[in-house]
Amino acid sequence: MQKIKSLMTRQGPKSPQESMNDLSPVENVRIPSKEELREMREQPIDPQAEQEIINSIDEVYFSNDSFDVVNYELEKLPTVLNLEEIEEYRDKLKKQQAAVSKKVADLILEKQPSYVKELERVTSLQTNLQLAAVICTNARRQLSFAKEGFTQASLGLLANQKKRQLLTGLLKSLRTIKTLQRTDVRLSELLEEEDYPGAIQLCLECQKAASTFKHYSCISELNSKLQDTLEQIEEQLDVALSKTCKHFDVGHYTKVQQAYTLLGKTQTAMDQLHMHFTQAIHNTVFQVVLGYVELCAGNADTKFQKLQYKDLCTHITPDSYIPCLSDLCKALWEVMLSYHRTMEWHDEHDNEEVIPASDGTDEPNFDRSYVKKKLEHGLSRIWQDVQLKVKAYLLGTDMSNFKYDDFIFVLDIINRLMQVGEEFCGSKSEVLQESIKRQSVNYFKNYHRIRLEELRMFLENETWELCPVKSNFSITQLHYESDELEKSAYQEYDSDSDVPEELKRDYVDEQTGDMPVKSVSRDTLRSRKKSDYSLNKVNAPILTNTTLNVIRLVGKYMQMMNILKPIAFDVIHCMSQLFDYYLYAVYTFFGRNDMYESSGLGLISSRLRTTLNRIQESLIDVEAGSENTSVHIAPDERKEKVPSPHLSHMVVLTASGSLYGLAERVVATESLVFLAEQFEFLQPHLDTIMPAAKKPFLQQFYSQTVSTASELRKPIYWIVAAKAIDYEQMLLLMAGVKWDIKEIMSQHNVYVDVLLKEFEQFSKRLGDISKQVRIPLPVSNVLWEHCIRLANRTLVEGYANVKKCSNEGRALMQLDFQQFLMKLEKLTDIRPIPDKEFVETYIKAYYLTENDMEQFIKNHREYSTKQLTNLVNVCLGSHINKKARQKLLAAIDDIDRPKR
């Protein structure tokens, strides 16, 4: 009954048959039939009421299976029986039985499908058990037959077959082990062939095979040996990787990268590669420099090998400096080229399918961006290393005493190397620029100091004779790097090809080895055919060999500026000093004279005087010959200065026959003007090179110095004009003339004819000299202007010396002057005649009244005190009183006082 209650409560999976079997014998009696079950199902009963009836059953009915229901109920009967109560109690029990029966019937019907299914499983199991029994029976029968039918020999045969199979497997394993043990030979062959991927692949396959046979004791040792071999391969692979730094080979590098990919160490390879490039740069430069140092040392001393690279560079000799630098740059270029090709290789193979790594990692996870960034970052690192190595070499030697061409070659090499750096990684090469700038400034100061001394020697040995050049010669025709092309600038015709050789043979500078040009002697020029040189051509430039040397130096300086722009200002400043020194020399040789101020002609402008003073203060060592120079000027400051040049004793400026060295003066002055024109031609180019902050210096140089070259004509040619005509004789002749005459004269005085004769003689001598040296029109004009001005002023001075003069005498003065002008205009083309008004105004002043004279004195300060005083004392004495004269003399004294 307990099971029934439990079943009703849990509604378990038991079949109706099982449920029936679980009932006790007594309970089984009252199991309702199918009809009763159907009737009970058909009777509608409230589930809640039914459950209440079931719950009202005594717990004892559900206690255990041995419970005696009849006895239990009989014991419950009271001692006094009442039929109605018993029937009522009986009906209660029937209801309880009916409710339980109905519940049981519902559960049975609910589990009916499960029961059927389970019954089918039992039937199938029974069938399988029967089949198994048949198989076992047959097997036992066959086993018994085999036991009875086989002999002992047959069983032995089977055992041997099994043993054979085992031995065959063992033989295969032994052959594999033998192959593994012979792997070293094949690995060595692959490594000799530089087939690193094949060697690594073989080694990895052997390791995999060795792990399969690791149960053999010999294989454990082999596995360890293979690991050592793999490490050795990695070491050789690292050496192979380092070889690509100097001589990149696509096939070789491809094998190396494939090998590293098999090892799964591509990123490690990148790190190692950059380390090898750094080491390759150091080893390359050290070996190159060491080779030259040991070669020049000429012995087997190995002390140089122990030096640091920076110290080793200091042992390079000047003779081996350039070859070593060239080889050094070539070697470094090879390293950079290898790196560039390495980057190209990675760019080309970036999209290729990669080989799986040995450690099983997924190779596409390999960080390609790491390699790319590493290579790009390495560009600047490698170029920085290259710069530092070249910098140490550049600064290891003092190049200040190098020949010009050698130093230019060094600059050219470094410039080309910097261009390589620009293309290599876009670098501006600040390290190299700063290094070469230091050396350039040091070299150029020394070079320029030597050039200035050389220029002084040229000037002091210059005879100021013409250097024959083509009529269209200019600075652009001097090719500074080719002597053969430069020769063509000297000659007008091929027949005179020997002239440049003469021009270039003089002396060889001991410090530079340069061979300057030499002047052609005057006799040599005269012996030439006139048509050969055409020295008097209208447009033929007038220049000397010294001028040509300066132009050549300017070209060299320009070349240096183009190669190394950072020192452009220093070069241009030194170039300006070449012009300054040339200008100063021409002035001191031909134009310095203490009579300029007294002449009253304003021969030297304030600008020219300022320029000459500046040159003297900044460039000229005025105390070069003094014993106590160190007291006044510091040694470093004196290094920047040059002693004032001295005119060659071969140049004679005092001979009247040569018009006091007019030919030399023309050549000197006009060569300076020509040089100024060449500098003017260079100004736009210099302006583009000059740093913006320094351009005011260039502008001032041109406006204050170059433009003043032509102004030297006045003081230089004035000296000739002052001596070419005998002005003193004029004064003496004028002093002998009687000016206080009473009659108007129709004939001019003799001094006029003498003066005109002097001018005719001057014109003739000027023509003679022009046969030697072309006298440009500006020069001729300046000479004539000076002579006429001096003559006119001499006339005024002569008139101012007159003690007595009448109106007729003053008219005679006008007659004389008009005669002079008339004849003079036939000798010269200068119009108007200079200082014509100076004479005429002075003569006409005789007729002025007292008031007009006072105003005249104030307005005409160009006349001297003596000349004005003479006007008052002599010319006006006839028609003014003494008081008026004193007043005018006082006015003259007031005007003159500030000059004192």
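Whatever comes next refers back to the structure up there.
Draft legend 1. The arrangement of the overall build of the protein in detail. The helix and strand inventory of the protein stands at 40 helices and two strands. Here the protein holds 900 residues, and the buried ones make up 43% of them. A separation of at least 24 residues holds for 77% of the contacts in the protein among residues at least 6 apart in sequence. Carbon and sulfur atoms make up 51% of the accessible area of the protein, which amounts to about 48900 Å² in all.

Draft legend 2. Region of interest: the packing of helix α14 (residues 266-297) against helix α16 (residues 318-349). Axis separation between α14 and α16 bottoms out at 10 Å; the angle between their running directions is 165 degrees. One finds that α14 runs roughly antiparallel with respect to α16. The element α14 and its partner α16 pack so that their crossing is right-handed. Between α14 and α16, the contacting residues are Met-270, Leu-273, His-274, Phe-277, Ile-281, Thr-284, Val-285, Val-288, Val-289, Tyr-292 and Cys-296 on the first element and Ser-320, Pro-323, Cys-324, Asp-327, Leu-328, Ala-331, Leu-332, Val-335, Ser-338, Tyr-339, Thr-342 and His-346 on the second. Here the residues of the contact of α14 with α16 are counted per class, giving 16 nonpolar, six polar and one charged.

Draft legend 3. Geometry of the packing of helix α34 (residues 750-772) against helix α36 (residues 807-827). At a minimum axis distance of 10 Å, the contact between α34 and α36 shows a crossing angle of 15 degrees. Regarding the angle of α34 to α36, the classification is roughly parallel. For the pair α34 and α36, the crossing hand works out as right-handed. Contacts between α34 and α36 involve Tyr-751, Val-752, Leu-755, Leu-756, Phe-759 and Glu-760 on the former and, on the latter, Asp-816, Gln-819, Phe-820, Lys-823, Leu-824 and Leu-827. Looking at the contact of α34 with α36 residue by residue, the classes come out as eight nonpolar, one polar and three charged.

Draft legend 4. Molecular detail of the packing of aromatic side chains. What the rule picks out here adds up to 33 aromatic pairs. A ring pair is formed by Phe-444 and Tyr-447, whose centres lie 6.1 Å apart and whose planes are at 35 degrees; its orientation type is tilted. Of this pair, Phe-444 and Tyr-447 are both found in helix α19 (residues 430-461), three residues apart, which corresponds to roughly one turn of the helix. Residue classification places Tyr-447 among the buried positions, given a relative accessible area of 3%. Ring-pair connections join several aromatic residues into one group, and the members of that group are Tyr-404, Phe-407, Tyr-443, Phe-444, Tyr-447 and Tyr-557. A cation over an aromatic ring shows up here: Lys-694 above the ring of Phe-569, its NZ or CZ 4.5 Å from the ring centre.

Draft legend 5. How the structure looks around the environment of Asn-401. Here Asn-401 lies in the loop between α17 (368-395) and α18 (404-425). Among the residues examined, Asn-401 registers a relative accessible area of 54% and is labelled exposed. Each C-alpha atom, one on Asn-401 and one on Tyr-447, is 7.4 Å from the other, the two residues being 46 residues apart in sequence. A polar contact is formed between the side chain of Asn-401 and the side chain of Asn-446, at a distance of 3.1 Å.

Draft legend 6. Fine view of α34. Compared with the 33 Å implied by 1.5 Å per residue over 23 residues, the 34 Å span of α34 between its first and last C-alpha is a close match. The secondary structure elements touched by the buried residues of α34 are α30 (662-689), α32 (713-724), α33 (727-735), α35 (777-800) and α36.

Draft legend 7. Examining the environment of Ser-770 more closely. Positionally, Ser-770 belongs in helix α34. Under the relative-accessibility criterion, Ser-770 is labelled partly exposed at 25%. A sequence separation of ten residues divides Ser-770 from Ser-780, and the C-alpha atoms of the two residues are 9.9 Å apart. In terms of polar contacts, Ser-770 uses its side chain to reach the backbone carbonyl oxygen of Gly-767, at 2.6 Å.

Draft legend 8. Focus on helix α27 (residues 606-618). Look at α27: 18 Å from first C-alpha to last across 13 residues, which is about the 18 Å you get at 1.5 Å a residue. Listing the buried residues of α27 in full gives Leu-608, Thr-611, Leu-612 and Ile-615. For α27, the arc enclosing every buried residue in end-on projection is 95 degrees, short of the 170-degree limit, so these residues lie on one face. Along α27, the residues that are exposed and aim more than 90 degrees away from the buried face are Ser-606 and Glu-617. Elements in contact with the buried residues of α27: α25 (568-590), β1 (620-621) and α31 (695-704).

Draft legend 9. Focus on the side chain of Glu-840. Mapped onto the elements, Glu-840 comes out in helix α37 (residues 836-844). For the buried Glu-840, no salt bridge is present, and the opposite-charge side chain at shortest range is Lys-836, 4.2 Å distant. Among residues more than four places away in sequence, those in contact with Glu-840 are Phe-817, Gln-818 and Leu-821.

Draft legend 10. Layout of unusual backbone geometry. Put simply, Arg-831 and Pro-832 share a cis peptide bond, and its omega is -10 degrees. As for its placement among the helices and strands, Pro-832 is situated in the loop between α36 and α37. For Trp-464, which is not a glycine, the phi torsion comes out positive at approximately 55 degrees. Positive phi is not limited to glycine here, since Tyr-660 has a value of about 60 degrees. Structurally, Tyr-660 is set in the loop between β2 (642-643) and α30.

Draft legend 11. View of a negative patch on the surface. A grouping of Glu-84, Glu-85, Glu-87 and Glu-88 is seen on the molecular surface, where their side chains present a negatively charged patch. Residue placement: Glu-87 occurs in helix α7 (residues 83-110). A relative accessible area of 34% places Glu-87 in the partly exposed class.

Draft legend 12. Spotlight on the pattern of salt bridges. Under the defined criterion, the tally for this structure stands at 20 salt bridges. Salt-bridge contacts for Lys-374 lead to Asp-271; the nearest nitrogen and oxygen are separated by 3.3 Å. Here Asp-271 lies in helix α14 and Lys-374 lies in helix α17, a separation of 103 residues in the sequence. When its relative accessible area of 24% is taken as the criterion, Lys-374 is described as partly exposed. Here Asp-835 makes a salt bridge to Arg-789, at a shortest N to O gap of 2.7 Å. Of the two residues, Asp-835 sits in the loop between α36 and α37 while Arg-789 sits in helix α35, which places them 46 residues apart along the sequence. What makes Asp-835 buried here is its relative accessible area of 13%.

What counts, and where the lines are drawn
Residues numbered from 1 in each chain as written. Predicted model: local features only at pLDDT ≥ 70, side-chain atom pairs only at ≥ 80, totals over all residues. Heavy atoms only, no water. Helix = DSSP H or I, 4+ residues; strand = E, 2+ residues; numbered from the N terminus. Buried < 20%, exposed > 50% of the residue type's maximum accessible area, 1.4 Å probe, protein only. Contact = heavy atoms within 4.5 Å. Areas by Shrake-Rupley, 256 points an atom, 1.4 Å probe, with all protein chains shown as cover. Axes fitted to C-alpha atoms, helices over the stretch in contact; angles between N-to-C directions. Parallel < 35°, antiparallel > 145°, perpendicular 65-115°, else oblique. Left-handed = near helix turned anticlockwise from the far one by under 90°. Nonpolar A, V, L, I, M, F, W, Y, C, P; charged D, E, K, R; others polar. Phe/Tyr/Trp six-rings, centres within 6.5 Å; stacked < 30°, edge-to-face > 60°. Lys NZ or Arg CZ within 6 Å of the ring centre and 35° of its normal. Polar contact = N/O pair within 3.5 Å; in protein donor to acceptor, adjacent residues only side chain to side chain. Expected span 1.5 Å × (residues − 1). Arc of directions from axis to C-beta. Lys, Arg positive; Asp, Glu negative; His and termini not counted. Salt bridge = Lys/Arg side-chain N within 4 Å of Asp/Glu carboxyl O. Patch = residues over 30% accessible without salt bridge, like charges linked within 9 Å, V, L, I, M, F, W, Y side chains within 5 Å. Charge placed at Lys NZ, Arg CZ, Asp CG, Glu CD.

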